[in-house]
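# Reading the structure
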Amino acid sequence: MAKVMIIGSGGREHALGWKISQSPDVSEVLYSPGNAGTEEGKGRNIPLDAAKPENFDALTSQLRADPVDLVIVGPEAPLVSGIEARLKDIAPVFGPSSDAAALEADKFFSYRIMSELDIPQALSIICRNTEDAKLAIRTMNGLGAARNGLVMKARGLTGGKGVYVCDSVEEALDEVAIHGNKYGHEVLIAERLVGEEFSVFGISDGKRVIPLEFAVQDHKRLLDNDQGVNTGGMGAYGPTSIAKPQLIRRISEDILTPVISKMRYEGREYKGFIYAGIMLTEEGPKVLEFNVRFGDPECQPAMMLVKNDLYHLLSAAVDGTLHEQKIECNPGSATCVILASRGYPEQHQKGSSITGIAEAENIRGVKVFHSGTAIKDGQLVTSGGRILGVTAYSEHGIEISTHRAYQAASLIQITDGFRYRRDIARSELNRNEPF
Ligand code: AMP
Ligand code: GLY
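Notes on the structure in this doc start here. (Residues numbered from 1 in each chain as written. Chains lettered and ligands numbered in written order. Predicted model: local features only at pLDDT ≥ 70, side-chain atom pairs only at ≥ 80, totals over all residues. Heavy atoms only, no water.)

### Some points on the site of ligand 2
Around ligand 2, a shell composed of Asp-218, Lys-220, Gly-232, Tyr-275, Asn-291, Arg-293, Gly-295, Asp-296, Pro-297 and Glu-298 is seen. Contact between ligand 2 and Gly-232: a nitrogen atom at 3.1 Å from a main-chain N or O atom of the residue. At 2.8 Å from a nitrogen atom of ligand 2 is found a side-chain nitrogen or oxygen belonging to Glu-298. Protein contact buries 89% of the 190 Å² of open area that ligand 2 shows by itself. (Near = heavy atom within 4 Å. Polar contact = N/O pair within 3.5 Å; in protein donor to acceptor, adjacent residues only side chain to side chain. Areas by Shrake-Rupley, 256 points an atom, 1.4 Å probe, with all protein chains shown as cover.)

### Things to note about the packing of helix H6 (residues 107-117) against helix H9 (residues 245-265)
Interhelical geometry of H6 versus H9 gives an angle of 110° and a closest axis separation of 11 Å. Comparing the axis directions of H6 and H9 gives the class roughly perpendicular. Contacts from Phe-109, Arg-112, Ile-113, Glu-116 and Leu-117 of H6 reach H9 at Pro-258, Val-259, Lys-262 and Met-263. Looking at the contact of H6 with H9 residue by residue, the class counts come to six nonpolar, no polar and three charged. (Axes fitted to C-alpha atoms, helices over the stretch in contact; angles between N-to-C directions. Helix = DSSP H or I, 4+ residues; strand = E, 2+ residues; numbered from the N terminus. Parallel < 35°, antiparallel > 145°, perpendicular 65-115°, else oblique. Contact = heavy atoms within 4.5 Å. Nonpolar A, V, L, I, M, F, W, Y, C, P; charged D, E, K, R; others polar.)

### Re the layout of surface pockets
For the second largest pocket, the calculated volume is near 310 Å³. What lines the second largest pocket is a set of 14 residues, and nearest its centre among them are Arg-147, Asn-148, Glu-191, Val-194 and Glu-283. For the lining of the second largest pocket, the class distribution of residues is five nonpolar, three polar and six charged. (1 Å grid on protein atoms, 1.4 Å probe; cavity = no way out; pocket = protein on both sides within 12 Å on 5 of 7 lines; lining within 4 Å. Points joined across faces, edges and corners; volume = space filled by probe spheres on them.)

### Things to note about the packing of aromatic side chains
For the structure shown, the criterion picks out seven aromatic pairs. When the ring of Phe-94 is compared with that of Phe-273, the centres are 4.9 Å apart and the planes differ by 85°; the resulting orientation is edge-to-face. One end of the pair, Phe-94, is in strand S5 (residues 93-94); the other, Phe-273, is in strand S16 (residues 271-281), with 179 residues separating them in the sequence. Take Phe-94 and Phe-273: they sit in the same class, and that class is buried. Ring geometry for Phe-418 and Tyr-420: centres 5.7 Å apart, planes at 25°, overall stacked. (Phe/Tyr/Trp six-rings, centres within 6.5 Å; stacked < 30°, edge-to-face > 60°. Buried < 20%, exposed > 50% of the residue type's maximum accessible area, 1.4 Å probe, protein only.)

This is the structure we're talking about:
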């Protein structure tokens, strides 16, 4: 029987652990550090936050004392900080090397990779300082590439908050002046693409990549009807009918596979999830960004849609035997509604008590994944901006999965209140076309 460790503390990690616990070959799932929801069933939290580089030494000691058969790294930060290299002689690691994680951590690098591979992306200009950025905005305008507005993206990691979508050249120039140095002066100025957005996920063993055969749609804006600021994600559902299986195969062959081959060619070890944020434009799919991990909240509905034994799948990726695996999906749909603190994303209250989860989970197909939760004096309380991911599956499709998720959300109480979007999956319901 295998022991698995999951690094991280969010809804994504809870969902990965929930899914991998279903493997009859897994006896225990350790979370470092996990959250108040992860200590259920086969789960056990380690009081060590291995997502922080200062704890990598303690993590290696922990793994020597208590070995595991697979380590799955949830968030990007420890990957970028080189956790794969630190652990690979101690335990099999599912997560790319820090050299490969540059695909997410450095937008200049991913821009170069896509340019060299002729992968369709927004027309972009690399800017190393504020003057470059102003010039780039004017150049884009001169090229007629600012018709729909412009996008300014910080070069480095910003937790999904370093992208400014501007409606006009004037707004972009103002944004450079105001936010130019919030995440550093190095930015990409990009053409604003118009279309439907979705996320595609693949699993790579370093040589090849197999895609999950469904795409997920995230809801990044804070408020209904895609208003308000960009957040880490307020909800997600899948599959989205915007991306039919044939389109996903094309994205896998024309985008994911060349990127993984290029990583290999450049000596950048890549065993892990690869996530492509795609905009389906009139000219076809274009890449908005790559991430080197699963999306959160996308992972929560996605784990309900994957049929395979996740332990076998990810172990095969680490062993380099992914060609022997085939992804199988459950029929139907899954919907995840994020319950966030009232002040999210700017600030969040801590310590409010949470009740009603058991009642919510009594609804058929519902699982409440935790993210910002903790136990204080024996009571479940809030501890982060995104608190819970109320996630529901239905084999009968999106209408029922979404109805179940909202019904479950209505049963949860948090003393300081919470916010959530009321329109998760509404666009899919409105499309109303059979998948
Ligand atoms: P990213 O972190 O690069 O995915 O950007 C966050 C969000 O900003 C995306 O989910 C899009 O909604 C939006 N965005 C990013 N780049 C562009 C672009 N070139 N055109 C339009 N919207 C964009
Ligand atoms: N939900 C967006 C992300 O995980 O980056």
